[in-house]
Amino acid sequence: MKELFDRLGLTHDTQSGVYAGKWIENPGGATVESTNPATGGSLGHVTMGSAADYETCVAASQEAYERWRHVPAPKRGELVRLCGEALRQHKQELGALVTIEMGKILPEGLGEVQEMIDIADFSVGLSRQLYGLTMHSERPGHRMYEQWHPMGPIGIISAFNFPVAVWSWNAFVAAACGDTMIWKPSPFTPLCAVAVQNIVAPVMEAEGFGGVFNLCVGDAEPVGETMIADRRLPLISATGSVRMGRRVGEVVGGRLGRSLLELGGNNAITVLDDADLDLTLNGVLFGAVGTAGQRCTSTRRVFLHRAIADEFTERLVNAYGQVRIGDPMHADTLMGPLIHEQAVETFMQAVATVPTQGGEILCGGDRATVSGCEGGSYVQPTIARVPKQLPLMQEETFAPLLYLVTVDDLDEAIALQNDVPQGLSSAVFTNHLRSAERFLSCAGSDCGIANVNIGTSGAEIGGAFGGEKDTGGGREAGSDSWKAYMRRQTCTINYTAELPLAQGIEFGTS
Ligand code: NAD
């Protein structure tokens, strides 16, 4: 562990959680303890930012912005490329830290860092493709086009469950676009944030641009609330619960700022009678049990066609019985812990509510104990069979609790799938072209992500990522998500000696 911490520039004692163009030695906020959810053991302490430290971060990001926006975009991309290289060199230890501090199994921890590297590569290419459109003017001798400018310093708020990748989805794209930023990570994963900063800061400082990526570890108060109300930040990109997103949307909207919201999901898989059940089994298992059900895209509901419902349920319950729960650093572990004891409590409450609403727990439904990890926050992966969509199923329980509902056809499944407030990820398993296309049609899934013969989780960075309805409507990562990080300007140039007005309007004194 010491070697891992050394390689990431971390200590087991107390370290600063504020970087404003350089590390701030003694930030004025409270000190937060980072714990390993697998064991309950202490990993170290991080001193959070005060309101004054936040101000220092804003000043650093503003100063850097004045220079960074003038750097040609492909040159900005080159610095992002170097950050990606630094991440490549630290992939093993950063991935391990993600596992140790957040609790996802090591292959997923490493996968998260790979996602950072992928989005860095994507952003390098993007830095040469910040395209605007040109259009034909209705006026003679006029040229019209759109161009995209950086927005300014922006705020990034991230959740505990993707403690490093979500920052990079925002940060690398935004940096290529010419923005500078302040990151407020989850106080449950502060060491991951400090480690990321330790990796990218030397790259940026060497080029004189330490103030592009700033960090202010903090709670909702004072750092989060100060940030979202701050008119100097034209964009707040916030990832987390719907509750948090409502607050961010309200405050940022109140000052007519722009918010990019990536909020909770309530994701469903529909399994039709012609589905390949082997494929489906793996898709459901990874979607529901992977990351211990702590992905925004985790599968929470499965709609089973009546013809295969019994067979599939039996196979799924069997598969759940074979899930190895344990220390996420161990190679044979499939499911690690929940993030903390409060998450276990929330899971237990949901499990207890299932029978009161008419459902039945088929397997799991309790805490789990792991030998040698007695202080960890473990639960059993759980399947509930329910006769219909229960009121409880309107909510996202951020844990491995899966509901099975039997349906008669695809239309019923789509109606039930869409009948929740969230709209993030969805999937259908079918070998029938008509069913697949019906699911993907405008009258099909209402989610931001709709898959065929793939589960709900595990998105690639090339596509725009995000969801509709209470999931917040934001889009991050690939495709044209970059437009959220820039301001659009429509320019019209008159190269004649006349001044014709649009719509043929005549206006003048003679
Ligand atoms: P959370 O809402 O408790 O916290 C997320 C972040 O918001 C943290 O940094 C927190 O400190 C901050 N925050 C909370 N209140 C705030 C306020 N008033 N002002 C400013 N900041 C505030 O979420 P969590 O428990 O860390 O993460 C789990 C949730 O995140 C789940 O609902 C999950 O679905 C969602 N999530 C969504 C996506 C997505 O892309 N849609 C990705 C990951 C996680």
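The residue numbering used here restarts from 1 in each chain and proceeds along that chain's sequence as written. Where totals are concerned, whole chains, interfaces and linings use all residues; where local detail is concerned, this predicted model gives features only for residues with pLDDT of at least 70, and gives and counts side-chain atom pairs only at 80 or more. Side-chain metrics rest on all non-hydrogen atoms present in the structure, leaving aside hydrogens and water.

Asker: Break down the overall build of the protein for me, with residues and values.
Answerer: Helix and strand definitions follow DSSP, with helices as H or I runs of at least four residues and strands as E runs of at least two, each counted in order from the N terminus. Looking only at helices and strands, the protein features 14 helices and 23 strands. Only the C-alpha atoms count toward the radius of gyration. The rule for a globule is 2.2 Å times the residue count to the power 0.38. Relative to its length of 510 residues, the protein is compact, with a C-alpha radius of gyration of 24 Å against a globular reference of 24 Å. Projected onto the principal axes, the alpha-carbon positions of the protein cover approximately 85 × 60 × 35 Å. By definition, residues are in contact when any of their heavy atoms lie within 4.5 Å. In the protein, the share of contacts with a sequence separation of at least 24, taken over all contacts with a separation of at least 6, comes to 74%. For every accessible area listed, the method is Shrake-Rupley and the probe measures 1.4 Å; residues are considered covered only by the protein chains on display. When the accessible surface of the protein is totalled, it reaches about 20,600 Å², and 51% of it is carbon and sulfur. If you average the places of the 38 positive and of the 59 negative side-chain charges in the protein, the two averages end up 6 Å apart. When charges are counted, Lys and Arg contribute as positive and Asp and Glu as negative, whereas His and the chain ends are disregarded. A single reference atom marks each charge: NZ on Lys, CZ on Arg, CG on Asp, CD on Glu.

Asker: Please provide a residue-by-residue account of the site of the ligand, values included.
Answerer: Here a residue counts as near a molecule or strand whenever at least one of its heavy atoms sits within 4 Å of it. Taken together, the neighbourhood of the ligand is formed by 28 residues, with Lys184, Glu225, Ser241, Leu263 and Glu396 sitting nearest. Between the ligand and Ser158, the relevant distance is 2.8 Å, taken from an oxygen atom to a main-chain nitrogen or oxygen of the residue. Note that a nitrogen atom of the ligand is positioned 2.8 Å from one of the side-chain N or O atoms of Glu225. Relative to its unbound accessible area of 850 Å², the ligand is 90% covered by the protein chains. Elements represented by at least two residues in the shell around the ligand include exactly helix H8 (220–228) and helix H9 (242–254). In the analysis that follows, any N or O atom pair within 3.5 Å is treated as a polar contact, provided that within protein one partner can donate a hydrogen and the other can accept it, and provided that, for residues neighboring in sequence, both atoms belong to side chains.

Asker: Lay out the environment of Asp419 in plain terms, naming residues and giving numbers.
Answerer: Position of Asp419 relative to the elements: it lies in the loop between helix H13 (410–418) and strand E17 (422–423). With 266 residues separating them along the chain, Asp419 and Pro153 place their C-alpha atoms 38 Å apart. Sequence-distant contacts of Asp419, that is, excluding residues within four places in its chain, are made with Gln389 and Gln394.

Asker: Hey, could you go over the side chain of Asn451 for me, with residue numbers and the actual values?
Answerer: For Asn451, the location among the structural elements is in strand E19 (residues 449–452). The cut-offs for exposure are 20% and 50% of the maximum accessible area for each residue type, with area from a 1.4 Å probe on protein chains only; residues under the lower value are buried, those over the upper are exposed, and the others partly exposed. A relative accessible area of 16% places Asn451 in the buried class. From its side chain, Asn451 meets the backbone oxygen of Gly455 in a polar contact 2.8 Å long. When sequence neighbours within four positions are dropped, the list of residues in contact with Asn451 reads Ser425, Ser426, Ala427, Val428, Phe439 and Thr456.

Asker: For the layout of surface pockets, give the residues involved together with the corresponding values.
Answerer: Cavity: a set of points on a 1 Å grid over the protein atoms alone where a 1.4 Å probe fits but cannot get out. Pocket: an open set with protein on both sides within 12 Å along at least five of seven lines, its lining residues, like those of a cavity, having an atom within 4 Å of a point. Grid points are joined across faces, edges and corners, and a volume is the space filled by probe spheres set on the points. The volume enclosed by the second largest pocket comes to roughly 220 Å³. Taken together, 13 residues line the second largest pocket, and the ones lying closest to its centre are Ile449, Asn451, Gly458, Ala459 and Glu460. Elements with a contribution of two residues or more to the lining of the second largest pocket: E19 and strand E20 (464–465). Along the lines of polarity and charge, the residues of the lining of the second largest pocket split into 5 nonpolar, 7 polar and 1 charged. Each residue gets one label: Ala, Val, Leu, Ile, Met, Phe, Trp, Tyr, Cys and Pro are nonpolar, Asp, Glu, Lys and Arg are charged, and the others, such as Gly, are polar.

Asker: Any chance you could break down the domain arrangement of the protein for me, citing the residues and the numbers?
Answerer: Segmenting the protein into domains produces domain 1 (2–263 + 472–489) and domain 2 (267–452). Computed with a 1.4 Å rolling probe, the buried area is the accessible surface lost when two parts are put together, summed over both parts. When the area that domain 1 buries against domain 2 is broken down by residue, the three leading residues are Ala38, Ile105 and Glu108, summing to 27%. Think of a salt bridge as a Lys or Arg side-chain nitrogen and an Asp or Glu carboxyl oxygen that are within 4 Å of each other. Here domain 1 is connected to domain 2 by 1 salt bridge. With its nearest N and O atoms 3.2 Å apart, the salt bridge here joins Arg295 to Glu108. By convention here, the domain bounds are inherited from an automatic or database domain assignment.

Asker: Tell me about the pairing of E19, residues and numbers included.
Answerer: Of the two faces of E19, only the one carrying Ile449 and Asn451 is buried; Ala450 and Val452 on the other face are not. As defined by bridge partners, strand E18 (residues 425–429) adjoins E19 across 4 bridges and the pair is classed as parallel. Of the residues in E19, the one forming a bridge with Ser426 is Ala450. A crossover links E18 with its parallel partner E19, the connecting element being helix H14 (residues 433–440), and its sense is right-handed. DSSP bridges decide pairing: two strands pair if at least two such bridges lie between them. Here a crossover is taken to be right-handed if, once the strands point away from the viewer, the path from the first strand over the helix to the second is traced clockwise.

Asker: Tell me about the packing of helix H3 (residues 73–89) against helix H7 (residues 190–206), and please be specific about residues and values.
Answerer: Axis angle and axis distance: for two packed helices, these are the angle between their axes and the distance between the axes, and together they describe the pair. Their axes nearest at 9 Å, the elements H3 and H7 cross at an angle of 140°. In the crossing of H3 with H7, the sense of the turn from one axis to the other is right-handed. Residues Leu79, Leu82, Cys83, Ala86 and Leu87 of H3 form the contact with H7, whose own contacting residues are Ile199, Val200, Val203 and Met204. Partitioning the contact of H3 with H7 into residue classes produces 9 nonpolar, no polar and no charged. Here an axis means a line fitted to C-alpha atoms, over the contact stretch when the element is a helix, while the angle between two N-to-C directions is reported on a 0 to 180 degree scale. By convention, the crossing between two helices is left-handed when the near helix turns anticlockwise from the far helix through less than a right angle, and right-handed when the turn is clockwise.

Asker: Quick one: what's the story with the sheet that holds strand E1 (residues 14–16), residue by residue and with numbers?
Answerer: Strand order in the open sheet formed by 3 strands is E1-E4-E3, with mixed pairing between adjacent strands. The strands lining the two open edges of the sheet, one partner per strand, are E1 and strand E3 (31–35). For this sheet, the mean inter-axis angle between neighbouring strands, taken without regard to orientation, is 30°. Here E1 runs beside strand E4 (residues 42–47); their pairing, made up of 3 bridges, is parallel. Within the sheet, the bridge partner assigned to Ser16 lies in E4 and is Thr47. Running at roughly 70° to E4, H7 makes contact with E1, E3 and E4 of the sheet.

Asker: Please provide a residue-by-residue account of the sheet that holds strand E13 (residues 299–305), values included.
Answerer: The strand order E14-E15-E16-E13-E12-E18-E19 describes an open sheet built from 7 strands, whose pairing is mixed. The sheet is open, and its two borders are formed by strand E14 (360–363) and E19, each paired with just one other strand. If you compare each strand with its neighbour and ignore which way they point, the axes differ by 25° on average. Alignment of strand E12 (residues 267–271) against E13, held across 5 bridges, turns out to be parallel. Each residue of the ladder has a partner; that of Ala268, found in E13, is Arg301. Sheet strands in contact with helix H11 (residues 306–321) are E12, E13, E14, strand E15 (382–385) and strand E16 (401–407), and its direction is about 140° off that of E13. Each of E14, E15 and E16 touches helix H12 (residues 341–356); the most contacted strand, E16, lies at about 30° to it.

Asker: Describe unusual backbone geometry, and please don't skip the residues or the numbers.
Answerer: At the junction of Glu221 and Pro222, the peptide bond is cis and its omega measures out at 0° in the coordinates. The phi dihedral of Ala292 is positive, around 50°, even though this residue is not glycine. Topologically, Ala292 is positioned in the loop between helix H10 (277–289) and E13. If you check the backbone angles, Ala477 has positive phi at about 70° while not being a glycine. Inspection of the secondary structure puts Ala477 in strand E22 (residues 476–477).

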